[in-house]
Amino acid sequence: MKKGVMRPGHIQLRVLDMEEALGHYRDLLGLIEVDRDDQGRVYLKGWTEVDKFSVVLREADQPGMDFVGYKVLNSEVLAQLEQALKDYGQDVEQIPAGELKGCGRRVRFDSPTGHMFEIYAEKEQTGKWGVEQVNPEAWPRDLTGMRATRFDHCLLYGPNIEGTAKLFQDVLGFDIAEQVIDDEGKRPALFLTVSQKAHDVAFIECPEPGKLHHASFLLETWEDVLRAADLISMTDTSLDIGPTRHGLTHGKTIYFFDPSGNRSEVFCGGDYHYPDHEPVTWTTDQLGKAIFYHDRALNDRFLTVLT
């Protein structure tokens, strides 16, 4: 039974140098800078997103993720889920409206993997960037870089991913869309969705809590992914791997790093999920093919570099 969570809403990333970071997220990825606040944070969005922002950059001494937030249906659902999180035993903090510019009250909570999550019901809607709500054109003419359309998901590493997945399933109404199972029946990787997407968040078991593997942004076509690869080379951006295809989710993808060491992904395509679908299963003996379908071999950097 769905609990009223609609979609990923925003992610706050820590960066070491803001202007260098904007060269990555704004100029290379092509996100739109929409605002700044008195804390020095910068707000960005993909051009198809109707809410004011989806990415917040905060300058800090260490890279990584502060939190990721999910938008719920309305204020009534927010209150219900806040109580459900408390009843479930999570540490819950109320963040007042306006702490993020244009965003309403947020409910932040911890997790067994050591990540901080939040839910909220209200955010200023500014519409798709450069496209009218009535009789819209196909796309804005002033897009730059990779022309990222939206913040899509993040992959997080930490201990006890089963505990965090259960929290997301039991309280927030997520489904497990894909999973990796080892010889002992344990699940070292879980891909969860609250929509029809292949995943809205994913987790991989890791002894160190609260780690970010990547933040992912959607492109429209495989040609756009290949063009992203060209831009990565043109700008001497640090490439992780790709362009290639995943076995898990079947998305076509490329991974690269921002100047602070946070990993970014842009991708297109991928599977879909409905609530009556059973989880797709990969076994650990096929993990290379599951992650990099063409090479069928693991890149150690992909598995070990985290922020």
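Structural data are supplied above this passage.
How each quantity is defined
Residues numbered from 1 in each chain as written. Predicted model: local features only at pLDDT ≥ 70, side-chain atom pairs only at ≥ 80, totals over all residues. Heavy atoms only, no water. Pairing = 2+ DSSP bridges. Helix = DSSP H or I, 4+ residues; strand = E, 2+ residues; numbered from the N terminus. Axes fitted to C-alpha atoms, helices over the stretch in contact; angles between N-to-C directions. Contact = heavy atoms within 4.5 Å. Salt bridge = Lys/Arg side-chain N within 4 Å of Asp/Glu carboxyl O. Buried < 20%, exposed > 50% of the residue type's maximum accessible area, 1.4 Å probe, protein only. Core = buried A, V, L, I, M, F, W, Y, C linked by side-chain atoms within 4.5 Å. Patch = residues over 30% accessible without salt bridge, like charges linked within 9 Å, V, L, I, M, F, W, Y side chains within 5 Å. Areas by Shrake-Rupley, 256 points an atom, 1.4 Å probe, with all protein chains shown as cover. Lys, Arg positive; Asp, Glu negative; His and termini not counted. Charge placed at Lys NZ, Arg CZ, Asp CG, Glu CD.

## Side note on the sheet that holds strand E6 (residues 92-95)
And then number 1: On the basis of which strands lie adjacent, the open sheet formed by eight strands has the order E2-E3-E4-E1-E5-E8-E7-E6 and mixed pairing. One side of each edge strand has no neighbouring strand; the edge strands of this open sheet are strand E2 (32-36) and E6. When strand polarity is set aside, the average angle formed by the axes of neighbouring strands in this sheet is 25°.
And then number 2: With five bridges connecting them, strand E1 (residues 5-15) and strand E4 (residues 55-59) associate as parallel partners. Note on E4: the bridge partner recorded for Arg-14 is Arg-58.
And then number 3: Helix H1 (residues 18-28) contacts E1, E2, strand E3 (42-45) and E4 of the sheet and is inclined by roughly 160° relative to E4.

## Comments concerning the pattern of salt bridges
And then number 1: Applying the stated criterion across every chain, the model contains 26 salt bridges.
And then number 2: Across the salt bridge formed by Glu-82 and Lys-86, the nearest N and O atoms sit 3.8 Å from each other. Taken as a pair, Glu-82 and Lys-86 lie in helix H2 (residues 75-88) at a separation of four residues, close to a single helical turn.
And then number 3: With its nearest N and O atoms 3.7 Å apart, the salt bridge here joins Glu-184 to Lys-186. Residue Glu-184 shares its accessibility class with Lys-186, and that shared class is exposed.
And then number 4: Taken together, the shared-partner salt bridges in this structure form one network comprising Asp-37, Arg-41, Glu-99, Arg-106, Arg-108 and Glu-118.

## Considerations on the nonpolar core
Here is a general trend for soluble globular proteins: nonpolar side chains tend to be buried in one another's company.
And then number 1: Grouped together as the largest cluster of nonpolar side chains are 59 residues, with contacts concentrated most on Leu-57, Ile-119, Met-146 and Phe-168.
And then number 2: Sequence-distant contacts of Ile-119, defined by excluding residues within four places in its chain, comprise Tyr-70, Val-72, Leu-78, Leu-81, Leu-85, Arg-105, Arg-106, Val-107, Phe-109 and Leu-172.

## So, a negative patch on the surface
And then number 1: A cluster of acidic residues, Asp-17, Glu-20, Glu-59 and Asp-61, forms a negative patch at the surface.
And then number 2: With respect to the helices, strands and loops of the structure, Asp-61 is situated in the loop between E4 and strand E5 (64-72).

## Details of unusual backbone geometry
And then number 1: Here the residue pair Gly-242 and Pro-243 is connected by a cis peptide bond, since its omega of 5° sits within 30 degrees of zero.
And then number 2: For Pro-243, the location among the structural elements is in strand E14 (residues 239-245).
And then number 3: Non-glycine residue Arg-147 carries a positive phi angle of around 60°.
And then number 4: Its place among the elements puts Arg-147 in the loop between strand E8 (117-120) and strand E9 (150-158).
And then number 5: With a relative accessible area of 30%, Arg-147 lands in the partly exposed category.

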